[in-house]
Protein chains: 2
Amino acid sequence: MAKRNLYLNNTPVDEAKALYQKALGELLSPKAEWIPVTESLHRITKEAVYAKYCSPLYNAAAMDGIAVEAEKTKGASERKPLTLYPGTDFTVVDTGDPIHAPCDAVIMAEDLLEQEDGSVQITDAAASWQHVRPIGEDIVAGEMLMPGYHEIRPIDIGVLLSGGITEIEVLKKPSVAIFPTGTEIIEPGQEPKDGDIIESNSRVFEALVTEHGGVPHRFPPIADEYETLKEKVAEAVEKYDMVIVNAGSSAGTEDFTVHVLRELGEVLVHGVAIKPGKPVILAIVNGKPVIGLPGYPVSAYINFENFVIPVLQKLAGRTETVGTTVRAVISKRLVSSLKHKEYVRVKVGEVGDKLVASPLARGAGAAMSLVRADGFCVIPQNSEGVEAGDTVDVELYRSLEEIGSTAVAIGSHDLILDVMADLLPCMYPGNYLSSTHVGSMGGLMALKRGEAHLAPTHLLDEETGEYNIAILKKLFAGEKMALVKGVERIQGIIVKKGNPLGIHEIEDLRGLNYVNRQRGAGTRVLFDYKLKEAGISPEEIHGYDREAATHMAVAAAVSGGDADAGMGIQSAARAMGLDFIEIGREEYDFAIPVRFLDFPPVQHFLAVLKSREFAERVEKLGGYGLARTGEILYL
Amino acid sequence: MAKRNLYLNNTPVDEAKALYQKALGELLSPKAEWIPVTESLHRITKEAVYAKYCSPLYNAAAMDGIAVEAEKTKGASERKPLTLYPGTDFTVVDTGDPIHAPCDAVIMAEDLLEQEDGSVQITDAAASWQHVRPIGEDIVAGEMLMPGYHEIRPIDIGVLLSGGITEIEVLKKPSVAIFPTGTEIIEPGQEPKDGDIIESNSRVFEALVTEHGGVPHRFPPIADEYETLKEKVAEAVEKYDMVIVNAGSSAGTEDFTVHVLRELGEVLVHGVAIKPGKPVILAIVNGKPVIGLPGYPVSAYINFENFVIPVLQKLAGRTETVGTTVRAVISKRLVSSLKHKEYVRVKVGEVGDKLVASPLARGAGAAMSLVRADGFCVIPQNSEGVEAGDTVDVELYRSLEEIGSTAVAIGSHDLILDVMADLLPCMYPGNYLSSTHVGSMGGLMALKRGEAHLAPTHLLDEETGEYNIAILKKLFAGEKMALVKGVERIQGIIVKKGNPLGIHEIEDLRGLNYVNRQRGAGTRVLFDYKLKEAGISPEEIHGYDREAATHMAVAAAVSGGDADAGMGIQSAARAMGLDFIEIGREEYDFAIPVRFLDFPPVQHFLAVLKSREFAERVEKLGGYGLARTGEILYL
């Protein structure tokens, strides 16, 4: 009788998987390639992608109507309508049209009384910047559009193109050689004779490889001959990222696969405790994973799922996600019109034992809000909206698993949060950072309501001159809090390149067009402090009421030309190629309830904060000090 | 001032959707095309596909070992080992090798004591058909492999090829023309000037069309000119299945789309009550759906989801499905080995308020069980299995919605169940029939345990000579039952083509190779009744203990040559081209608890049973009477 390999091992499935994954280790790192964005659907980004352009590229009409100077409409009322003349007083604009200086507001078509001579009457004054989408409202040049290791969805393609990106570096699809073997198998379409088996497993594998992001290369069946099999496998491990041999993985007289693989490389497992499906071979040849699968279709399929797919996913840089609907607590009041069914984009995080949905920007033009969103929350027609703390249904784009391993940050914005969001999943795969920007005080309130794990904050206590500690002690009297030191930030006045207006201190801002940050932002607190110090009242600052939500939006407004100056951080000025006058240094830290310090994504967040990679990226941005980064104060 | 269309409607979303779908009606019927099976991943079958070949194609070794005549191994024991000689007494076989007559059993390699002269000793007699996979165990020629409107998965490709199918008729992917419009838009990659908008919506649409099974054809941007737009749309509705125009759907000075579509065809909706996203146009031109979407990216995206995707899915013949894990009651005892983690394929149904999982064939070769399965149930290593009624986790392949609209039939097998499973989703889209074959008595027991909606049954009461009524009255004493009359079936002896052994009545079966049905099958009850009538004892029938699970498996055994005769229905003999000797007529009916008669999939099942389509298909099969089909008796 011919030789048999009677002795298969009986390794438990999870043990076999872990053993193989460990042995493969770094060998499974994906490769990368550049492709056009228009062909990038479902591909995985290699690293973070940053916008080249703002969107909108200019101040744009948000409504159909007329563009006017708000200043010139003062005094219009029902009793005393104001007549405006085309050319001198207004320009007709459609939604999306640019608004040029000196125009700074749009009056909706519905609010106009058209006169026969072409003039229009208005019965209400226009407020500065009403119905205008400011430059960079959706996307600011230099802003991160998406992090590394992100699967590109249809909406992402739109945002990339809007941000001026046309080519993108993505992970290469792994190539998988598939070898059907066996003297008895025939190709589909041939007339079967006695003892023939129609070969179909390799076609199932082709389809599964395609479904999981690989490129299959199926070879014609090879007979059960030791030398032929050896030669083919040796060739394939040179050329392909992974090899599958089917079958010959058992212990029959013609089961050569395990011997061939032992001669060419290392066999780590032969036989696992699974039914059906025992005869599996897990090997490494020439640094490539080579897997022998059994011939029975069901055994082959189950083992493909157990052993091939995890390897393929690592090679392709993929984690699987599924859409689903969940109940979540809404973190902000949402007022809705009775007239519409409204789709609100939300970020979702699991904080303690609740899912928290934080609404994102609601403008129809805000494509980036679709990219940042974890899902939609639908507010039905005939509803007046929801209160903060209400429970809502959220249709998720991301898997619950992914959401459960996300650190939720709500608070002050800084560019280093983008860097953290990019580094976290790269350094600790499967961990994510979600960050929402509502200013320092807004973040601390969210933390207090249990809707975030951490709050980035930079609030100066005017009495002690210290940052953050006083307010934390005051707000979180009953709770153990950690204050994790972040970065020292250089704050100052952002002005045009070359500083044409010769601005050097706060006093110089009088009479200029200023762009402010929103109430509650640490930068605004600092600005108010500096104004008070200099004895200037807010009324003296033209534009004090014009609010931008982030440092980058301030920089974009200055860069676009409709503001002369704004206060912000040095890195934002540098990112947009603007000049910067230092006004002070402040401490940008992270407030974290002690009970969340053990939560793995938070732990990893802290590890990234202290990493060499983070320090290098922050130094490139410029304008930061890292002397105390990562230090923890318990309050 | 230029003309504006100030007046958009404010139609509620669901009303707009319903109105449009109703107007489109039959216009959305998918077209079909023939393609190679190897390229059919994720395509949708046009109609049911039937196997051309059996799988396995012959009686095959299920283990590595030796093929023997079971008869010749009688008497072997530990104390009195039997020596077998190669050539004369046995042939060495590997798993999958054919077993030729007179061999009818395989002894596993592990059970052999090899001798130096090449002979082997055995210490146990072999039972007939042990470790042999009978011809057609997995797939029987003529059996339905998958129904119409089924999305082809990787495993389906394997089963189609094994069943001898290499080309398949699938629904054509709908082609979608996409027109970006607007004077202000530029292509990505061009340097933007003031007032330019980088066109990206159309690229998002391309990707979404691809994701939902269509083929996008994106055109270069066209300027806001009435005549150009009209010409392009008029051309496109000739060539493509659907047209999307973006944007110009609002009411600005350059929003021509609605006027163009009114001139070319019919505009059903202009403006819906949705935020963001109000300006939507739903039109029909030249019998094709034409949709105008707003320009803001978020509005465009949300309206694409609401209005384009439903149309696209109808054109493509798709319903969306998602995988998930559920808890279900297992309907059968499952014994498992402590040594393995076991994957058991199950069918899942929602019966009353519980999900019921019915295990399918467990052999590793049973690829069809993967196709029939609704999911997997995993029995962990170190578990001895589960008892009937235990709750298990099931990983679903199908959506819960699909499962919730499935009529669950457990009981006796007949080919008309395949016909019903095929017709039901075609005639009542979204409704399915799941049928599991355990014989008449097994089905009634499942019904009693609340695990099925209906049980196909044909049990003769020997005292009254009536079918089904007596047993139902006896088993379901406390419950209101309906007996729905199915078909009159011609039962008889299936023999080889030309009836070479001259079989004419039950008496002629003495001494021949018979293949029987499993205990509890109505056909077996009838056979036992006929044997008793003829005064023949089961011992006189060689092969009385050899059990096949379906009529088709009996026919396959006769056709393959290792049985001379078996009892079964005429349609099975005809499907395999065999001869048939009528023995009697019986009534094949459906037992249904009255409380399930209102369940929509059961209602639709009954409607299909009484349909012209069903009658035509059954007549083609032959061997059935339809005189009382659909009649309901309340017991």
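Residues numbered from 1 in each chain as written. Chains lettered and ligands numbered in written order. Predicted model: local features only at pLDDT ≥ 70, side-chain atom pairs only at ≥ 80, totals over all residues. Heavy atoms only, no water.

**Focus: the overall build of chain A**
Then, in step 1: Counting secondary structure elements, chain A contains 16 helices and 39 strands.
Then, in step 2: Counting only C-alpha atoms, chain A reaches 110 × 65 × 50 Å along its principal axes.
Then, in step 3: Taking all 635 residues of chain A together, 58% fall into the buried category.
Then, in step 4: Expressed as a percentage of contacts within chain A between residues at least 6 apart in sequence, the contacts between residues at least 24 apart total 78%. (Helix = DSSP H or I, 4+ residues; strand = E, 2+ residues; numbered from the N terminus. Buried < 20%, exposed > 50% of the residue type's maximum accessible area, 1.4 Å probe, protein only. Contact = heavy atoms within 4.5 Å.)

**Remarks on helix α6 (residues 297-316) of chain A**
Then, in step 1: The sharpest bend along α6 of chain A comes to roughly 45 degrees, located at phenylalanine 304 of chain A.
Then, in step 2: For α6 of chain A, a buried count of 17 out of 20 residues is recorded, marking the element as mostly surrounded by other parts of the structure. (Bend = angle between axes of the 7 residues up to and from the residue.)

**So, the pairing of strand β18 (residues 242-246) of chain A**
Along any regular strand, the residues point their side chains to alternate faces of the sheet.
Residues and elements named next belong to chain A.
Then, in step 1: Taken across its five residues, β18 has five buried, putting it largely inside the fold.
Then, in step 2: Judged by which residues are buried, β18 turns out to be covered on both faces: Met242, Ile244 and Asn246 on one side and Val243 and Val245 on the other are all buried.
Then, in step 3: Of the strand pairs in this sheet, strand β14 (residues 175-180) and β18 are connected by five bridges, and their pairing is parallel. Along β18, the bridge assignment pairs isoleucine 178 with isoleucine 244. (Pairing = 2+ DSSP bridges.)

**Let's talk about the pairing of strand β27 (residues 375-379) of chain B**
Residues and elements named next belong to chain B.
Then, in step 1: A large share of β27 lies buried, amounting to four of its five residues.
Then, in step 2: Both β27 and strand β29 (residues 391-396) contribute to a ladder of three bridges, which runs antiparallel. Following the sheet pairing, cysteine 377 is matched in β29 by valine 394.

**What to know about the environment of glutamate 143 of chain B**
Then, in step 1: Along the chain, the position of glutamate 143 of chain B falls in the loop between β11 (132-133) and β12 (144-146).
Then, in step 2: Counting along the chain gives 275 residues from glutamate 143 of chain B to aspartate 418 of chain B, while the straight-line C-alpha distance between them is 7.9 Å.

**Some remarks on the environment of leucine 633 of chain B**
Then, in step 1: Tracing the sequence through the fold places leucine 633 of chain B in strand β39 (residues 632-634).
Then, in step 2: Apart from the residues lying within four places of it in its own chain, the contact partners of leucine 633 of chain B are Ile469, Met481, Ala482, Leu483, Lys485 and Arg628 of chain B.

**Regarding the sheet that holds strand β22 (residues 288-293) of chain A**
All names here are of chain A.
Then, in step 1: The six strands lie next to each other as β17-β14-β18-β22-β21-β19, forming an open sheet whose pairing is mixed. The open sheet terminates on both sides in strands that have one partner only, identified here as β17 (215-218) and β19 (266-270). Neighbour-to-neighbour, the strand axes of this sheet turn through a mean angle of 20 degrees, independent of strand direction.
Then, in step 2: Here β19 runs beside strand β21 (residues 281-285); their pairing, made up of four bridges, is antiparallel. Looking at β21, one finds that glutamate 266 is bridged to isoleucine 284.
Then, in step 3: Lying over the sheet, α6 contacts β14, β18, β21 and β22, oriented at roughly 170 degrees with respect to β22. (Axes fitted to C-alpha atoms, helices over the stretch in contact; angles between N-to-C directions.)

**Regarding the layout of surface pockets**
All names here are of chain A.
Then, in step 1: In this structure, the second largest pocket encloses a volume near 960 Å³.
Then, in step 2: Residue lining of the second largest pocket: 41 residues in total, with Asp104, Trp129, Asn513, Arg546 and Asp562 positioned closest to the centre.
Then, in step 3: Considering only residue class, the lining of the second largest pocket consists of 21 nonpolar, nine polar and 11 charged. (1 Å grid on protein atoms, 1.4 Å probe; cavity = no way out; pocket = protein on both sides within 12 Å on 5 of 7 lines; lining within 4 Å. Points joined across faces, edges and corners; volume = space filled by probe spheres on them. Nonpolar A, V, L, I, M, F, W, Y, C, P; charged D, E, K, R; others polar.)

**Observations regarding the domain arrangement of chain A**
Residue and element names in this part refer to chain A.
Then, in step 1: We note that the domain assignment places domain 1 (11-31 + 173-316), domain 2 (32-55 + 138-171), domain 3 (60-133), domain 4 (324-404) and domain 5 (412-635) within chain A.
Then, in step 2: Between the C-alpha centres of domain 4 and domain 5 the distance comes to 26 Å.
Then, in step 3: Each partner contributes residues to the interface: domain 4 has 12 residues there, and domain 5 has 11 residues.
Then, in step 4: Together domain 4 and domain 5 conceal approximately 980 Å² of surface at their shared face, both sides included; 57% is due to carbon and sulfur atoms. (Domains from an automatic or database assignment. Buried area = accessible area lost by both parts, 1.4 Å probe.)

**Here we look at the sheet that holds strand β7 (residues 91-93) of chain B**
Residues and elements named next belong to chain B.
Then, in step 1: The strand order β7-β5-β8 describes an open sheet built from three strands, whose pairing is antiparallel. Unpaired on one side and paired on the other, β7 and β8 (105-108) mark the two borders of the sheet. Neighbour-to-neighbour, the strand axes of this sheet turn through a mean angle of 40 degrees, independent of strand direction.
Then, in step 2: Pairing of strand β5 (residues 65-68) with β8 involves four bridges; the strand directions are antiparallel. Among the inter-strand pairings, valine 68 is bridged to a residue of β8, identified as alanine 105.

**Some words on the packing of helix α3 (residues 201-211) of chain B against helix α6 (residues 297-316) of chain B**
Residue and element names in this part refer to chain B.
Then, in step 1: It is at 11 Å that the axes of α3 and α6 come closest, and there the two elements cross at 30 degrees. The angle between the axes of α3 and α6 places the two elements in the roughly parallel class. You can see that α3 and α6 cross each other, and the crossing is right-handed. Across the interface between the two elements, Asn201, Val204, Phe205, Leu208 and Val209 from α3 touch Pro297, Ala300, Tyr301, Phe304 and Leu312 from α6. (Parallel < 35°, antiparallel > 145°, perpendicular 65-115°, else oblique. Left-handed = near helix turned anticlockwise from the far one by under 90°.)

**A look at unusual backbone geometry**
Then, in step 1: Backbone torsion omega between serine 55 of chain A and proline 56 of chain A reads -5 degrees, so that peptide bond is classified as cis.
Then, in step 2: Relative to the helices and strands, proline 56 of chain A is located in the loop between β3 (49-50) and β4 (60-61).
Then, in step 3: Of note, the amide linkage connecting alanine 101 of chain B to proline 102 of chain B takes the cis form, showing an omega dihedral of 5 degrees.
Then, in step 4: With respect to the element layout, proline 102 of chain B can be found in the loop between β7 and β8.
Then, in step 5: Of note in this structure, asparagine 499 of chain A is not a glycine but carries a positive phi near 45 degrees.

**Re the side chain of aspartate 104 of chain B**
Residue and element names in this part refer to chain B.
Then, in step 1: Examined against the element boundaries, aspartate 104 turns out to sit in the loop between β7 and β8.
Then, in step 2: We note that aspartate 104 is buried and unpaired, the nearest opposite charge coming from arginine 546 at a distance of 7.8 Å.
Then, in step 3: Aside from chain neighbours lying at most four places away, what touches aspartate 104 is Val68, Glu69, Ala70, Ile99, Ser128, Trp129, Gln130 and Val132. (Lys, Arg positive; Asp, Glu negative; His and termini not counted. Salt bridge = Lys/Arg side-chain N within 4 Å of Asp/Glu carboxyl O.)

**Some points on the pattern of salt bridges**
Side-chain pairs of opposite charge can arise where the charged atoms are in close proximity.
All names here are of chain A.
Then, in step 1: Evaluation of the coordinates by the stated rule reveals 62 salt bridges over all chains.
Then, in step 2: The closest approach of N and O atoms between arginine 612 and glutamate 616, which form a salt bridge, is 3.1 Å. Residue arginine 612 and its partner glutamate 616 are located together in helix α16 (residues 612-621), separated by four residues, close to a single helical turn.
Then, in step 3: What makes arginine 612 exposed here is its relative accessible area of 55%.
Then, in step 4: Of the charged contacts, one joins arginine 628 and glutamate 631 as a salt bridge, the two residues approaching to 3.1 Å between their closest N and O atoms.
Then, in step 5: Owing to a relative accessible area of 38%, arginine 628 belongs among the partly exposed residues under this scheme.

**Let's talk about the side chain of arginine 318 of chain B**
Residues and elements named next belong to chain B.
Then, in step 1: Its location among the elements puts arginine 318 in the loop between α6 and β23 (324-330).
Then, in step 2: Classification of arginine 318 by relative accessible area gives buried; the value is 14%.
Then, in step 3: Residue contacts for arginine 318: discarding those within four places in its chain leaves His42, Arg43, Ile44, Glu151, His212, Gly213 and Gln313.

**Section: the environment of glycine 265 of chain B**
Residues and elements named next belong to chain B.
Then, in step 1: Mapped onto the elements of the fold, glycine 265 is located in the loop between α5 (257-264) and β19 (266-270).
Then, in step 2: A residue is classified by how much of its surface remains accessible, and glycine 265, at 28% relative accessible area, is partly exposed.
Then, in step 3: Between the C-alpha atom of glycine 265 and that of alanine 548, which follows or precedes it by 283 residues, the distance is 61 Å.
Then, in step 4: When near neighbours in sequence (up to four residues on either side) are disregarded, glycine 265 contacts Ile284 and Val285.

**Comments concerning the packing of aromatic side chains**
Then, in step 1: For the structure shown, the criterion picks out 16 aromatic pairs over all chains.
Then, in step 2: Summarising the aromatic geometry, the rings of phenylalanine 179 of chain A and phenylalanine 219 of chain A are spaced 4.5 Å apart at their centres and angled 20 degrees between planes, so their arrangement reads as stacked. You can see phenylalanine 179 of chain A sitting in strand β14 and its partner phenylalanine 219 of chain A sitting in the loop between β17 and α4 (226-239), a full 40 residues away along the chain.
Then, in step 3: Owing to a relative accessible area of 21%, phenylalanine 219 of chain A belongs among the partly exposed residues under this scheme.
Then, in step 4: On the numbers, 5.9 Å between centres and 85 degrees between planes, the contact of phenylalanine 219 of chain B with tyrosine 240 of chain B is edge-to-face. Taken together, the positions of phenylalanine 219 of chain B in the loop between β17 (215-218) and α4 (226-239) and tyrosine 240 of chain B in the loop between α4 and β18 (242-246) put the pair 21 residues apart, joining distant regions of the chain.
Then, in step 5: Put simply, the rings of Phe179, Phe219 and Tyr240 of chain A pair up and form one aromatic cluster.
Then, in step 6: For arginine 546 of chain A, the ring lying beneath its charged end belongs to tryptophan 129 of chain A, and the centroid distance is 3.8 Å.
Then, in step 7: Positioned above the aromatic ring of phenylalanine 476 of chain B is the side chain of lysine 448 of chain B, whose terminal nitrogen or guanidinium carbon lies 5.5 Å from the ring centre. (Phe/Tyr/Trp six-rings, centres within 6.5 Å; stacked < 30°, edge-to-face > 60°. Lys NZ or Arg CZ within 6 Å of the ring centre and 35° of its normal.)

**Overview of α4 of chain A**
Think of an α-helix as turning once every 3.6 residues; residues three or four places apart then point the same way.
Then, in step 1: With 14 residues, α4 of chain A extends 21 Å from end C-alpha to end C-alpha; this agrees with the ideal 20 Å at 1.5 Å per step.
Then, in step 2: Residues of α4 of chain A that are buried make contact with β14, β18, α5 (257-264), β21 and β22 of chain A. (Expected span 1.5 Å × (residues − 1).)

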